[in-house]
Amino acid sequence: MPEKEIIEPPVQPVSPNMANYEQEYKSFRWEQVLDELSGFPGREGLNIAHEAVDRHAVGKKGAKVALRWIAENGTSREFTYNELKQETDRFANVLVKLGIQKGDVVCTLTGRIPELYITALGTLKNGSVYCPLFSIYGPEPIYQRLSKGKAKVLVTTETLYRKKVAGLMDRLEHLKYVLLTDVEKEQNDHIRSLPKLMGRAKSSFKVVATAPEDRALLHFTSGTTGMPKGVVHVHQAALTHYITGKYVLDFHPDDRFWCTADPGWVTGTSYGILAPLMHGITNIVVEAEFDARLWYSILEEQKVTVWYTAPTAIRRLMRMDIDVRKEYDLRALRLILSVGEPLNPEAVRWAQKTLGMPILDNWWQTETGGIMIANYPSMPVRPGSMGKPLPGIKAAIITPDNKEAEPALINTPGDSGHLALKAGWPSMFRGYLDEHERYVKCFANSWYLTGDLASRDEDGYFWFVGRADDIIKTAGHMVGPFEVENILMEHPAVAEAAVIGKPDPMMGELVKAFVTLKSNFEATEELNLEIKGFARERLGPAVAPKEIEFTDELPKTRSGKIMRRLLRDQEREKVEK
Ligand code: AMP
């Protein structure tokens, strides 16, 4: 257990929405949150897009900027809440015209472009299910997700379609339409021009009166054993998006919020789109990828007040020798938050020194739908700790020996065990798509097992210890070893493969593969490069192994299961030496 180091929370020019954590935790009721949302006037039901867009568009906020998009070339485009309503209504009408119904899955495969935001919200308005895909994936992960999700519509760009999807079309029997965002001419009955369709669609739409338990979002996440899992969320998740926006991101009406997450991951949806819009604030969207100077300029020029980013990016900023507060005017910035992987205490201290405030770490995962454990603007920061459970969330450290019985809680401060959450919060996933068994396995009686190991200190702060399984977190992205091993095994030279996360100072972990070769192949540098290239082409650079080590044998259990953990421990030891 680290020494008790405390940094005071950043001084705020506004009163934090949650002034006293302990008090709020005690009195909080989820039902109260509904009073702060609008539901449907005169109707039963809840729809995320109605809460995020329409209820602001009809009121005083109609003329307020909802989205400010900064393109890669530096130009920008704004959408007021009113305009966003019209555009998302148009997209919902496009879906209706194409015969896409409630519950049908609509995917995006794009970078951060306006069409992604319009698609996501328009899909929800139509009662369809929105599913983002990571644009850096190679064809294989894209195929897995589109086919498993039985996606009916894919919105993408012409280049991404040509490079990654065109070759899969024969195998995607459910996919009815590909809508290209940057093509003016209709291609054929299935490959259509989104601008053309939008141009012909009406700009008003009556949001489908979805029920709180209707499916809304589908996010794919990696598992240790099988192929990716489709994590299902319902419209009621809006309650978590809203309340975390209020208590953790501390949204106030004049905020300008920037979430740097890629829209292909859950953070990019829950916080890159939904939570800020639900609060009627201005959401800054930056198309370009990481660049330290560009990022600081954006913070300055856009007068960002609340900034949500990730440890990998922070570590990259730390590496640069920039006297930030001298070179940039960041006076508007009042909160910096981070999620996705462990945030080194060093990073929290660096931010305090360089940016004038500590970074507030928080923890959650695809399955939880929203932030569950956090450092709050009114609570002292313990560098290295993820913070305390959100009001309405019961978190515990447990030993899940017997999944049928109520698990034993570990109450001794500092002792680590499995991090578990009492089931039943609004954004808890409602299942893994078509994999009920896998879903049930995540619970020990009434507790959801997160797959993470953690401990809690005597003051109630939670500390991340590690994953309880073999999942890899590289640059904040989940990678399932099985998915990578499968592709490696398709290379003619590969006999067996074991994929692990190797500690890396910048990316947290990097994907490393141990490979045994078939007898007629020689372990040469050339072959190593060739296999790496093969994997990169199929899986994309975010998932493919960065390192491959040839070995004569892989460690196995008696029953023949590859012991990835052993390889991982060996790598850790090597790095620590
Ligand atoms: P994902 O489902 O891709 O969002 O990944 C969720 C996983 O990322 C968690 O189960 C953790 O293993 C890790 N993670 C997320 N946030 C944190 C954090 N603040 N500290 C440590 N690990 C984190």
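Residues numbered from 1 in each chain as written. Predicted model: local features only at pLDDT ≥ 70, side-chain atom pairs only at ≥ 80, totals over all residues. Heavy atoms only, no water.

K.L.:
Would you mind going over the overall build of the chain with me for this structure?
P.N.:
A count of helical and extended segments in the chain gives 18 helices and 28 strands. For 577 residues, the compact-globule estimate of 2.2 N^0.38 gives 25 Å, and the C-alpha radius of gyration of the chain, at 23 Å, lies within 12% of that figure. Reported as C-alpha extents along the three principal axes, the dimensions of the chain are approximately 70 × 60 × 55 Å. Expressed as a percentage of the 577 residues in the chain, the buried residues total 60%. Taking all contacts inside the chain whose residues are at least 6 apart in sequence as the whole, residues at least 24 apart take part in 71%. Accessible area for the chain stands at about 23,600 Å²; split by element, carbon and sulfur atoms hold 49% of it. (Helix = DSSP H or I, 4+ residues; strand = E, 2+ residues; numbered from the N terminus. Rg over C-alpha atoms; globule rule 2.2 N^0.38 Å. Buried < 20%, exposed > 50% of the residue type's maximum accessible area, 1.4 Å probe, protein only. Contact = heavy atoms within 4.5 Å. Areas by Shrake-Rupley, 256 points an atom, 1.4 Å probe, with all protein chains shown as cover.)

K.L.:
Where do I start with the nonpolar core in this structure?
P.N.:
Generally speaking, nonpolar side chains in soluble globular proteins are found buried as a group. Judged by nonpolar contacts, the single largest core of 128 residues is most densely connected at Leu179, Tyr296 and Tyr308. Counting residues per element, this core draws most heavily on helix H10 (residues 266–278), which supplies seven residues. If near-sequence neighbours (up to four positions away) are discounted, Leu179 is found in contact with Phe91, Val94, Leu98, Val153, Leu154, Val155, Thr156, Arg192, Leu194 and Leu197. One finds Ile487, Ile531, Val543 and Ile548 within the second-largest nonpolar core, a separate group that totals 50 residues. (Core = buried A, V, L, I, M, F, W, Y, C linked by side-chain atoms within 4.5 Å.)

K.L.:
What is the right way to look at the environment of Lys150 in this model?
P.N.:
As for its position among the elements, Lys150 is in the loop between helix H6 (139–148) and strand S5 (153–156). Separated by 87 residues in the primary sequence, Lys150 and Ala237 place their C-alpha atoms 22 Å from one another. The contacts of Lys150, once residues within four sequence positions are left out, are Val105, His174 and Asp434.

K.L.:
Explain the pairing of strand S4 (residues 129–133) here, please?
P.N.:
Counting buried residues in S4 gives five out of five residues, a clear majority hidden from the surface. Bridge count for strand S3 (residues 105–109) against S4 is five bridges, and the pairing is parallel. Paired with Cys107 across the two strands is Cys131, which belongs to S4. Between the parallel elements S3 and S4, the chain passes through helix H5 (residues 114–125) in a crossover that is right-handed. (Pairing = 2+ DSSP bridges. Right-handed = clockwise from strand over helix to strand, strands pointing away.)

K.L.:
Hey, could you run me through the site of the ligand in this one?
P.N.:
What surrounds the ligand is a group of 16 residues, the closest being Asn362, Gln365, Thr366, Asp452 and Lys473. In this structure, Lys473 approaches the ligand through a side-chain N or O atom, which is 2.8 Å from an oxygen atom. Protein contacts shield 96% of the accessible area of the ligand, which totals 500 Å² for the unbound molecule. Of all elements in the fold, only strand S14 (360–363) and strand S23 (462–467) reach the threshold of two or more residues within the shell around the ligand. Looking at the shell around the ligand, the element that brings in the most residues is S14, giving three residues. Considered class by class, the residues forming the shell around the ligand number seven nonpolar, four polar and five charged. (Near = heavy atom within 4 Å. Polar contact = N/O pair within 3.5 Å; in protein donor to acceptor, adjacent residues only side chain to side chain. Nonpolar A, V, L, I, M, F, W, Y, C, P; charged D, E, K, R; others polar.)

K.L.:
Please clarify how helix H7 (residues 158–165) should be interpreted in this entry.
P.N.:
In an α-helix, one turn spans 3.6 residues, which is why side chains three or four residues apart end up on the same side. All of the buried residues in H7 are Leu160, Tyr161, Lys164 and Val165. In an axial view of H7, the angular spread of the buried residues amounts to 105°, which keeps them on one side of the axis. Exposed and oriented more than 90 degrees from the buried face of H7 are Arg162 and Lys163. (Arc of directions from axis to C-beta.)

K.L.:
Can you walk me through the pattern of salt bridges in this structure?
P.N.:
Once their charged atoms are close, side chains differing in charge can pair, the charge on each being opposite to the other. All chains considered together, the criterion is met by 47 salt bridges. In this structure, Asp255 engages Arg334 in a salt bridge whose closest nitrogen and oxygen atoms are separated by 2.7 Å. A residue pair is termed long-range when its members are at least 10 positions apart, and Asp255 in the loop between helix H9 (238–247) and strand S10 (256–259) and Arg334 in the loop between helix H13 (324–327) and strand S13 (335–338) qualify at 79 residues. Each member of the pair, Asp255 together with Arg334, is buried. (Salt bridge = Lys/Arg side-chain N within 4 Å of Asp/Glu carboxyl O.)

K.L.:
What exactly am I supposed to notice about the side chain of His252 here?
P.N.:
In this structure, His252 sits in the loop between H9 and S10. Of note is the side chain of His252, whose polar atom sits 2.8 Å from the backbone oxygen of Ser15. Setting aside residues no more than four positions away along its own chain, His252 makes contact with Val14, Ser15, Pro16, Asn17, Ile281 and Arg334.

K.L.:
I tried to follow the domain arrangement of the chain on my own but got confused; where do I start?
P.N.:
Size of an interface, as often reported, equals the accessible area lost when the parts are brought together. Structurally, the chain comprises domain 1 (56–234) and domain 2 (471–576). Computed over C-alpha atoms, the centres of domain 1 and domain 2 are 33 Å apart. Every contact between the two is made by 16 residues of domain 1 and, on the other side, 18 residues of domain 2. Buried surface at the junction of domain 1 and domain 2, summed over both partners, amounts to about 1,200 Å²; 61% is from carbon and sulfur atoms. Considering only the side of domain 1, the residues that lose the most area to domain 2 are Glu140, Ser222 and Thr224, jointly responsible for 36% of the buried surface there. Across the domain 1-domain 2 interface, the total number found is four residue pairs in polar contact (both at pLDDT 80 or more). By residue number, the principal contributor to the side of domain 1 that touches domain 2 is H6, which donates four residues. Residues belonging to the side of domain 1 that touches domain 2 are distributed by class as follows: seven nonpolar, seven polar and two charged. (Domains from an automatic or database assignment. Buried area = accessible area lost by both parts, 1.4 Å probe.)

K.L.:
In this structure, what is going on with the packing of H5 against H10? I would like to understand it.
P.N.:
Packed helix pairs are characterised by how far apart their axes lie and by the angle those axes make with each other. Viewed as axis vectors pointing N to C, H5 and H10 meet at an angle of 65°, and their least axial separation amounts to 11 Å. Classified by the angle between their axes, H5 and H10 sit roughly perpendicular to one another. Relative to H10, H5 is oriented so that their crossing is right-handed. Packed against H5, whose contacting residues are Leu116, Tyr117, Ala120, Leu121 and Leu124, the element H10 presents Gly272, Ile273, Leu274 and Leu277 at the interface. When its residues are assigned to classes, the contact of H5 with H10 shows eight nonpolar, one polar and no charged. (Axes fitted to C-alpha atoms, helices over the stretch in contact; angles between N-to-C directions. Parallel < 35°, antiparallel > 145°, perpendicular 65-115°, else oblique. Left-handed = near helix turned anticlockwise from the far one by under 90°.)

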